[in-house]
Amino acid sequence: MGELAPVGILSLAAVLEARGLQPEVVDLNRVYYEWRQNSNQNETDFCSFAGACFAGRHFDFFGFSTVCSSYPLTLRIAAEVKRLHPESVVVLGGPQASVVDISTLRAYPFIDLVVRGEAEQTLPELVDALAAGSSLEAIPGITFRRNEDGEIVRGPDAPLVLDLDALPFPAFHLFPDVRFCRHFPLELGRGCPFACTFCSTNDFFRRRFRLKTPAHMIAEMRRVKQTYGINSFELVHDMFTVDRKRVEAFCEALLESREEFYWGCSARTDCVDEELIALMARAGCRGIFFGIETGSSRMQKIIDKGLALNDSAERVRSCDKFKINTAVSLMAGFPEETMDDLRDTAGFFVDSLRHDHADPQLSILAPLADTPIQKQQKDSLVLDDDVADMSYRGWRQEPQDHAMIAGHPEIFSSFYSVPTPYLEREFLKELRDFLLNGQRAFRRLLLGLHQDSCNIVDVFQQWQQWRTDNGVYFSSGDRTVYYAQSGFAADFFQFVRLHYIPAASRAPVAITALLEYETALHGRDHESDIQQEKVTDDHEELLFPDSRPQLLPGVNVIKLPADYQEIIRRLRQRSPLHDIPEGPVKLAIRRTATGPAEVRQLSPLSAELLGLCEGSLTVEEIAAQFRQNKIEVSGIPADKLCLAGLEILRQQRLIGLA
Ligand code: B12
Ligand code: SF4
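Just so it is clear, the model here is predicted, and its values are computed rather than measured. (Residues numbered from 1 in each chain as written. Chains lettered and ligands numbered in written order. Predicted model: local features only at pLDDT ≥ 70, side-chain atom pairs only at ≥ 80, totals over all residues. Heavy atoms only, no water.)

**Concerning the side chain of Glu518**
Just so we agree on the cut-off: The secondary structure listing takes helices from DSSP runs of H or I that are at least 4 residues long and strands from runs of E that are at least 2 residues long, numbered from the N terminus. Buried residues are those whose accessible area, probed at 1.4 Å on protein chains only, stays under 20% of the maximum for their type, while exposed residues exceed 50% and partly exposed ones sit between those limits. Note on charges: Lys and Arg go in the positive column, Asp and Glu in the negative column, and His and the chain ends are not counted at all. Salt bridge criterion: a side-chain nitrogen from Lys or Arg within 4 Å of a carboxyl oxygen from Asp or Glu. Contacts were defined at the residue level, with two residues in contact if any of their heavy atoms lie within 4.5 Å.
Looking at where Glu518 falls in the secondary structure, it is placed in helix α22 (residues 508–522). Summary of buried charges: Glu518 has no salt-bridge partner, and the nearest side chain of opposite charge, Arg444, is 6.5 Å away. Every residue in contact with Glu518, bar those within four places of it in the chain, is listed here: Ala441, Phe442, Arg443, Arg444, Leu445 and Phe493.

**Observations concerning helix α24 (residues 564–573)**
Counted only if it meets this: For this quantity, the arc is that covered by the directions from the helix axis to the C-beta atoms. Contacts described as polar in this section are N or O atom pairs within 3.5 Å, which, within protein, must combine one atom able to donate a hydrogen with one able to accept it, while residues neighboring in sequence count only if both atoms come from side chains.
Listing the buried residues of α24 in full gives Tyr564, Ile567, Ile568, Arg570 and Leu571. Taken end-on, α24 shows its buried residues confined to a sector of 160°, consistent with a single buried face. Elements in contact with the buried residues of α24: α18 (443–453), α22, β15 (555–560), β16 (585–590) and β17 (598–602). Capping of α24 at its N-terminal end is provided by Asp563; its side-chain oxygen lies 3.1 Å from the backbone amide nitrogen of Gln565. One or two residues past the end of α24 sits Arg574, with phi positive at roughly 55°.

**Details of the sheet that holds strand β2 (residues 89–93)**
Cut-off, in case you're wondering: For two strands to be treated as a pair, DSSP must find at least two bridges joining them. Working convention: axes come from line fits to C-alpha atoms, limited for helices to the stretch in contact. Angles between N-to-C directions cover 0 to 180 degrees.
What the 5 strands build is an open sheet, ordered β1-β2-β3-β4-β5; its pairing is mixed. Both outer strands of the open sheet, β1 (61–65) and β5 (152–154), are each paired with one neighbouring strand and no more. For this sheet the average axis-to-axis angle between neighbouring strands, irrespective of direction, equals 20°. Two elements, β1 and β2, share 5 bridges in a ladder whose sense is parallel. Considered in β2, the bridge of Gly63 is made with Val91.

**Considering the packing of helix α17 (residues 425–441) against helix α19 (residues 456–469)**
Heads up, the condition is: Oblique is the label for every angle not falling under 35 degrees (roughly parallel), over 145 degrees (roughly antiparallel), or within 65 to 115 degrees (roughly perpendicular). Residues were grouped as follows: Ala, Val, Leu, Ile, Met, Phe, Trp, Tyr, Cys and Pro as nonpolar; Asp, Glu, Lys and Arg as charged; and all remaining residues, including Gly, as polar.
Running from N to C, α17 and α19 point in directions that differ by 105°, and their axes come no closer than 11 Å. When the interaxial angle is binned, α17 and α19 end up roughly perpendicular. Contact residues: Phe427, Glu430, Leu431, Phe434 and Leu435 in α17; Ile456, Val457, Phe460, Gln461, Trp463, Gln464 and Arg467 in α19. Among the residues forming the contact of α17 with α19, the class breakdown is 8 nonpolar, 2 polar and 2 charged.

Next up, the structure:
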């Protein structure tokens, strides 16, 4: 929950505290989890439950932060609060209400007013005016319903906060869960000067790029470290890397500070290069969010993103080189998008899997209110789903929310879809589920299939055909559930084994090897349940002639038909797979309680040794077998070789002593 610490709200709370007020912050995410855990959900709906949290809180002013995905729910909770406290002022702010202010006030009389845009300057003025009972007309940045005639008045925009260093430190003490953050959120700056047609945040911060100074940021980071003991940060800014010199200055200041701070940020791939990425990595950058959006050069121009995709791929590679994790964020479902464009996007998604530090993401376009795309398509939006993509979080839309959404497309546009005349929507959604879950469940195989087939979409179409021929059907609502469960991978492996390899593969040996590898990884949970005799994993313990080495729990050895390391090397370098020679190899897979499984290709000697470590033979007996088989390497006698080999296997945590 700490991951969702609302920096904007806490910034406002700090501003109010600085004026001697005592605001409280209610974390509705926490309230939601409490409702899920502690209440009978059939009897109490979430809004009543949340309303109860506000019943005992007597404030003059209740403010709600809003984003598109939870806007219906936020409004319903606000209605409950107004019902409980009719004398209080109920106010909305944040990215969603700011742009649908007038329509919201028209549709929902329980909302008194909306604060638009950045509110650090507006909110104190508003609070003062409300306390004094004076007119609101002179306050910039608000939209309100006039008491006298009920008319909705939209004043001019509020000025931007130009000096972000002047803002007080956010009131994190009002949000105790922040201490659970793995990456502590700190605002680095505001405003992106670009103009992508689907984006709402450029306009929200009025395209005015601003950054806090390096000295101020480092002081805030130090304060977090001292208060919470956290040294890893999520630095919030839509587009930190607009000005290269300022990124360099920040990194250099961090290096000079000698603090061990780790951080993540957002960037465009055309605003960084390998040299800058190297500097960022040295200064503690461990994650970059790259909004690449589409893998099609044609669509890059149409959506005014304008990235050169070869360079984008290069930047993802550079980050991998410096061990920076990248979120490679892609979208599909633009109105002009054709099958060729979609193939390019799917291709970009899978291509990025060549890099271990890349995490591709694919979402379907949601037309955010007041964006160029939404304005262009506002008369043709379609509500085709109970669970629209914006709320694609695994829970179902409540009927009350659905009714609100259906009644007000102008307010809740993100729950609608834009028409995609060249693409079938169900196809798009299934492809998204396939890719997202495929990369989680069989990353290497997915990449191998993409490379073998020239485009993963071809494999996907064959899979769709095969699954229907073999009776794997689902309704559109069950599709996401099917793909998220382990049965999908099991079915898909069958498809690859029984259909794809014999009928379509140009590199059957390599694809079989990848399939065997993924099947073994996939089956690992069942195997790890098998009870094993207690085996000590103390690699300091000496090996004695009567010790009985045995595979450690969680380790298994699998046989593949071809050199796995060579396949992975070729995948990384995009070299052909069809001429991988057949030749069995063994891999040891070691599962760890945390993190991904460790995979090691075994030399013939290690494979032979591991085969003998089944717990019944002593070291002496294993050495005897080596002698008998006359195993020797570079003149080293079998006994010594055996002992050295066993020691290495122990250091690699593959065997222990029974
Ligand atoms: C960090 C972030 C997240 C984080 C954490 C969110 C959180 N709760 O803190 C994560 C990754 C979890 C996330 C998730 C999502 N996010 Co997000 N996120 C952001 C991001 C990059 C920064 C938010 C931030 O801290 N900004 C800095 C602060 C200072 O600004 P602020 O929050 O807007 O607050 C200021 C004003 O809005 C105003 N204000 C805010 N609340 C209130 C309340 C009152 C009463 C008043 C008076 C004023 C006021 O005053 C604040 C100070 O000036 C923004 C983009 C951006 N740069 O803002 C997107 C953004 C908010 N996210 C967005 C979206 C769409 C989502 C998701 C729906 C994505 C998805 N499909 O899942 C989810 C929704 C999750 C949720 N329910 O909160 C959109 C919202 C668009 C919209 N029209 O609503 C944004 C704007 C990005 C975009 N694509 O355009 N997000
Ligand atoms: S670069 Fe990113 S933040 Fe800037 S307009 Fe485009 S999508 Fe929005």
